[in-house]
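# A look at the structure
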Amino acid sequence: MRLLPLTAVIALVVLPGSAAAAAESSASAAPGASGFTITDPRIKESSGLAASRIHPGVYWTHNDSDDGPYVYAVDSATGKTVARVTLTGIGTPRDVEAISLGPDGQLYVGDIGDNLNGTWDHVWIYRFPEPKQLADVTVKAEQFTVKYADGARNAEALMVHPVTGRVYIASKSEDKGGLYEGPQQLSASGTNVFRRVADLPWVTDGAFSPDGGRLTLRGYFFARTYPWKDGKPQGEGERVDAPWQGQAESVTYSADGSTLLFGSEGESSRVVAVAVKPAAGGSAAPAPAKPGSAPAAGAPGPAGEQGGGGFTKGAAVLAVGTALVFGAKRLFRRKPRD
């Protein structure tokens, strides 16, 4: 989704020092997973990221809209595209916003955007096996129809749990977003109803850690990592030193779980690497989950940030920024012609 330039000014007011965060975050990146610049001129609105499990250092991405049924594999060592996958059997994508890799070795693409907040009574998820060879290829994808139990809404984040394989979508709302849980298994023959399981701040993307024990969410003005337990994010979470990006659209973990990668839209966009902090208790970065293993319980939240109350503190800055954004939009909105 395109973001008003006004948010850059707001971020400097609401989040002092955020303009320098990208450089600081790059310096803190863990060895073996570093930032990169997407050099392919065809990728102008990178709106999702997913780390490959079978091609080390490769990240899957896609454009937001007005591109076509394409998914790109980008080599983080060079920033160059090493494969473009053309999807067939899915019709014409409307507003592709997210991508995630499941424990079944398949890529899930979320055609879940709805900038008019409820114009479409259904959205779609596309699924296809991650290609074993990196080359331009055409594949037939499965298409899943999705509806929300409480009505249509806009969304930009889709996450597949790396142990259970369950699909989650985070809606994006000026008032209050939500985390929606899909059925245990998606059905290509009927409608898949996603049900709200938690309230969220304004989220533009999210990603599970490879062991399934953490969920990291990002928005325009924040990023936080939450312990994951009993199918929900727990407590207040822990702040992540994410970079300031004017069109902050994507986040993923590196395949080994040691690093978070933050991406944005725009030509020659930069993907910034940020080292994952040890969980409370001093454990290192979470190890990748083995398919079929028991779900990780998740580490407790950091000291001073535990307990009930959900995402209230984590959303405080977001609420101020959002209010400023929409207040300014309303202030400068042109009056309709007579």
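Remember, predicted model here, so these are calculated numbers, not experimental data.

Thresholds applied
- Just so you know, the residues in each chain are numbered from 1, in the order the chain's sequence is written.
- A pLDDT threshold of at least 70 governs which residues receive local features in this predicted model, and a stricter bar of 80 or more applies before side-chain atom pairs are shown or counted, although totals over entire chains, interfaces and linings include all residues.
- Side-chain numbers come from the whole structure's heavy atoms, not from hydrogens or water.
- Comment: elements are numbered from the N terminus, with helices defined as DSSP H or I runs of at least four residues and strands as E runs of at least two.
- For each residue, the accessible area found with a 1.4 Å probe, counting protein chains only, is set against the maximum for its type, and the residue is called buried under 20%, exposed over 50%, and partly exposed in between.
- Polar contact is defined as a pair of N or O atoms within 3.5 Å, subject to the rule that within protein one atom must be able to donate a hydrogen and the other to accept it, and that residues adjacent in sequence are counted only when both atoms are side-chain atoms.
- Whether two residues are in contact is decided by their heavy atoms: any pair within 4.5 Å suffices.
- Think of a nonpolar core as a cluster: buried Ala, Val, Leu, Ile, Met, Phe, Trp, Tyr and Cys residues, connected wherever their side-chain atoms sit within 4.5 Å.
- Here the rule is simple: two strands pair whenever DSSP picks up at least two bridges between them.
- Axis angles are defined between N-to-C directions and span 0 to 180 degrees, where every axis is a line fitted to C-alpha atoms and, for a helix, only to the segment in contact.

### A look at the side chain of Ser-47
Structurally, Ser-47 can be placed in the loop between β1 (36-37) and β2 (50-51). In this structure Ser-47 comes out as buried when scored by relative accessible area, which is 0%. A distance of 3.4 Å separates the side chain of Ser-47 from the side chain of Glu-249, its partner in a polar contact. Non-local contacts of Ser-47, meaning those with residues more than four positions away in its chain, are made with Thr-61, His-62, Asp-64, Val-96, Glu-97, Ala-98, Glu-249, Ser-250 and Glu-265.

### Re the nonpolar core
Side chains that are nonpolar tend, in soluble globular proteins, to be buried together. Counting 19 residues, the largest nonpolar core has Trp-60, Val-71, Leu-87 and Phe-128 as the members making the most contacts within it. Listing elements by their share of this core, those giving two or more residues are β3 (58-61), β4 (70-75), β5 (81-88), β6 (98-101), β7 (106-111) and β8 (123-129). Setting aside chain neighbours within four positions, we find Phe-128 in contact with Val-71, Val-85, Leu-87, Gln-106, Leu-107, Val-109, Val-139 and Ala-141. Judged by nonpolar contacts, the second largest core, of 16 residues, contains Val-123, Val-167, Ile-169 and Phe-194.

### Regarding the side chain of Glu-181
Along the chain, the position of Glu-181 falls in strand β13 (residues 177-181). There is a polar contact of 3.2 Å between the side chain of Glu-181 and the side chain of Tyr-168. Apart from the residues lying within four places of it in its own chain, the contact partners of Glu-181 are Arg-166, Val-167, Tyr-168, Val-193, Phe-194, Arg-195, Val-197 and Gly-231.

### Notes on the sheet that holds strand β10 (residues 142-148)
One open sheet holds the eight strands; their spatial order is β6-β7-β8-β10-β14-β13-β12-β11, and the pairing between them is mixed. Of all strands in the sheet, those with a lone pairing partner are β6 and β11 (155-160), marking the two edges. Looking at each pair of strands side by side, their axes are set apart by 30° on average, direction ignored. Relative to β10, β8 is paired through five bridges, and the arrangement is antiparallel.

### Observations concerning the pairing of strand β20 (residues 248-253)
With six of six residues buried, β20 is to be regarded as a mostly interior element. Examined bridge by bridge, β20 and strand β21 (residues 259-264) share five bridges and lie antiparallel to one another. For Thr-252, the partnering residue across the bridge sits in β21 and is Leu-261. From the end of β20 to the start of β21, which pair antiparallel, there are five residues, and Gly-257 there has a positive phi angle of about 80°.

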